[in-house]
Amino acid sequence: MKEKTKDIVRQAAAYAFAAVRWLPAAVLIGLVCGAVGAAFHHGIRLASAYRAGHDWVIFLLPVGAAVITLLYRALRLAPDVGTNLVLEAVRSEKQVPPALAPAMFIATVLTQFVGGSAGREGAALQIGGSLAGGIARLLRIREENRHLLILCGMAAVFSALFGTPVGAAVFVLEVASVGRFLYSALVPTLCASLTAAEVARLLQGEVMRMALPHAPITAVLTLQTAALAIACAILSIVFCVAVHRTGHLAERFLKNPYLRAVVLGAALLGLTLLSGGRSFNGAGMDFVERAVAGEAVPWYAFVLKLVFTAVTLAAGYKGGEIVPTFFVGAAFGAVAGPLVGLPASYAAAIGMVGMFCGVVNCPFAALFLAIEIFGGEYLLPFAVTCALCYVFSGYFGLYSSQQILRSKVGSELIDRNAI
């Protein structure tokens, strides 16, 4: 009995020591990343607002990507360094370069300024991972423990930008190695994420929230949702293949990165002028909000946004693919949903969440994100959407360094990277 009591005391002491050891570092990362995330948000907002009020800025598209390429070369960063490297740093001894944070900050703001079709979540993961890696070095954290702080940084900036602390924490724990959830990092990662979200709220005063009209959850609605979810999963495969294939073809036929930037930037400018508007430039979160609010959406909007995003990323612009994924999913849902009997507003939300789940292979993160953005009223339909999109999206994904440890249709260990 005495031995058992001693064992309980030892375990309690170990837990207390872990809390004292990691929580201050997590709070510090949350404070720093929350402030940087708020500054990043304002930079993107100001850049986008200036572009919206000055049509001439769009003609800088052939130049912007070349400037970003030059910036990365000046900072001695490989042009393709990005989220894949950060994911690898979580699982290995690879380092996230300190210069990645300022480079990604500037490059993403520039991308939004000239009208590149990219998001901000990839930037959030890279900036957060880079900042946290620097803090870990300053605190002289041992190499084997830096991975945990990198996760904290990734979650913190993601949370600061989207105002979804739980979804951000679960996302970074789920995305690097699908099928292996690092439970030991849950408390510090959630602590950093919550701290950053609060700092960002105080500094920027807004979070991503959308309201859905009430609709009774019935068996018919659930089946209709399942049909739309499977269609979104297939579309997520198309999105991933289009983004990867466009990038590979661009590197193959336009080997010089500056020439590639100018040619594809000019192509993006041509697409913008042919589209007759500016709806497909920038991240497009305003379009998502309108689609969820029930406004009419052109049937071709999701196709054009996919093309714009693939060309933007192939040109060398920075930011990320997730907000464009939201756009594509919401636009597709708003058009396809009514075909299976769903309200357009509700279907846009399902499409947004389903596409996100399909391209990142993170069903639980997608579910928590949906609850934080739309509320818990539609928990069941969102859960069905995430489950089906995860399975039917196969082993495709945005991040080629993402590990998928177990089969999606069985229990066997497969340990493969996303396609």
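Here, the structure is the one placed above.
First, a word on what this report is: a plain description of the structure on this page. (Residues numbered from 1 in each chain as written. Predicted model: local features only at pLDDT ≥ 70, side-chain atom pairs only at ≥ 80, totals over all residues. Heavy atoms only, no water.)

Description of the overall build of the chain
Here is the rule we go by: Starting at the N terminus, helices and strands are each numbered in turn, a helix being any DSSP run of H or I of at least four residues and a strand any DSSP run of E of at least two. Our radius of gyration looks at C-alpha atoms and nothing else; its globule reference is 2.2 Å times the residue count to the power 0.38. Residue burial is assigned from relative accessible area. The probe radius is 1.4 Å, only protein chains are included, and a residue is buried under 20% of its type maximum, exposed over 50%, and partly exposed in between.
Along the chain, the regular secondary structure elements total 16 helices and 3 strands. Taking 22 Å as the expected radius of gyration for a compact globule of 419 residues, we find that the chain reaches 21 Å, a close match to that expectation. Along the longest, intermediate and shortest principal axes, the C-alpha atoms of the chain span 80 × 60 × 45 Å. Per-residue burial over the chain gives 57% buried out of 419 residues.

Some thoughts on the packing of helix 7 (residues 165-175) against helix 8 (residues 186-204)
The angle between the axes and the distance between the axes are what describe a pair of packed helices. Counted only if it meets this: Angles run from 0 to 180 degrees between N-to-C directions of axes, and those axes are lines fitted to C-alpha atoms, restricted for helices to the stretch in contact. Orientation is classified from the angle alone, with under 35 degrees giving roughly parallel, over 145 giving roughly antiparallel, 65 to 115 giving roughly perpendicular, and any other angle giving oblique. Should the near helix be turned counterclockwise from the far one by less than a right angle, the crossing is left-handed, whereas a clockwise turn marks it as right-handed. Here, two residues are considered to be in contact whenever any of their heavy atoms come within 4.5 Å of each other. Residue type decides the class: Asp, Glu, Lys and Arg count as charged, Ala, Val, Leu, Ile, Met, Phe, Trp, Tyr, Cys and Pro as nonpolar, and the leftover types, Gly among them, as polar.
Following both chains from N to C, one finds helix 7 and helix 8 inclined at 140 degrees, their axes separated by 8 Å at the closest point. By the angle between their directions, the pair helix 7 and helix 8 is classed as oblique. In terms of crossing hand, the pair formed by helix 7 and helix 8 is right-handed. Of the residues in helix 8, those touching helix 7 at Pro165, Val166, Ala168, Ala169, Val172 and Leu173 are Leu186, Thr189, Leu190, Ser193, Leu194 and Ala197. Of the residues in the contact of helix 7 with helix 8, the class split is 10 nonpolar, 2 polar and no charged.

Section: the state of the cysteines
Each disulfide consists of one covalent bond between the sulfur atoms belonging to two cysteines. For the record, the criterion: A pair of sulfur atoms, both from cysteines and within 2.5 Å, is called a disulfide here.
A complete count under the given rule lists 0 disulfides for this structure. Of all cysteine sulfurs, the one in Cys152 lies closest to Cys191, which takes part in no disulfide; the gap is 7.8 Å. By relative accessible area, which is 19% here, Cys191 ends up buried. The cysteine Cys240 is free of any disulfide, with Cys357 supplying the nearest cysteine sulfur at 11 Å. Classification of Cys240 as buried rests on a relative accessible area of 0%.

Re the environment of Leu186
Examined against the element boundaries, Leu186 turns out to sit in helix 8. For Leu186, a relative accessible area of 30% puts it in the partly exposed group. Through-space distance from the C-alpha of Leu186 to that of Gly320 is 24 Å; in sequence the pair is 134 residues apart.

Focus: the sheet that holds strand 3 (residues 413-417)
Worth spelling out the cut-off: Pairing between strands is defined by DSSP: at least two bridges between them are needed.
Taken in spatial order, the 3 strands make up an open sheet running 1-2-3, and their pairing is mixed. Of all the strands in the sheet, just strand 1 (177-178) and strand 3 have a single pairing partner and so form its edges.

Examining the packing of helix 14 (residues 344-360) against helix 15 (residues 363-374)
Two elements in contact, helix 14 and helix 15, have axes whose closest approach is 9 Å; the angle formed by their N-to-C orientations is 150 degrees. Of the possible angle classes, the one that applies to helix 14 and helix 15 is roughly antiparallel. The two elements helix 14 and helix 15 meet at a crossing, and its hand is right-handed. Residues Ala349, Met352, Val353, Phe356 and Cys357 of helix 14 lie in contact with helix 15, whose contacting residues are Pro363, Ala365, Ala366, Leu369, Ala370, Ile373 and Phe374. Looking at the contact of helix 14 with helix 15 residue by residue, the classes come out as 12 nonpolar, no polar and no charged.

The quantities given are spatial measurements derived from coordinates; they are silent on function.
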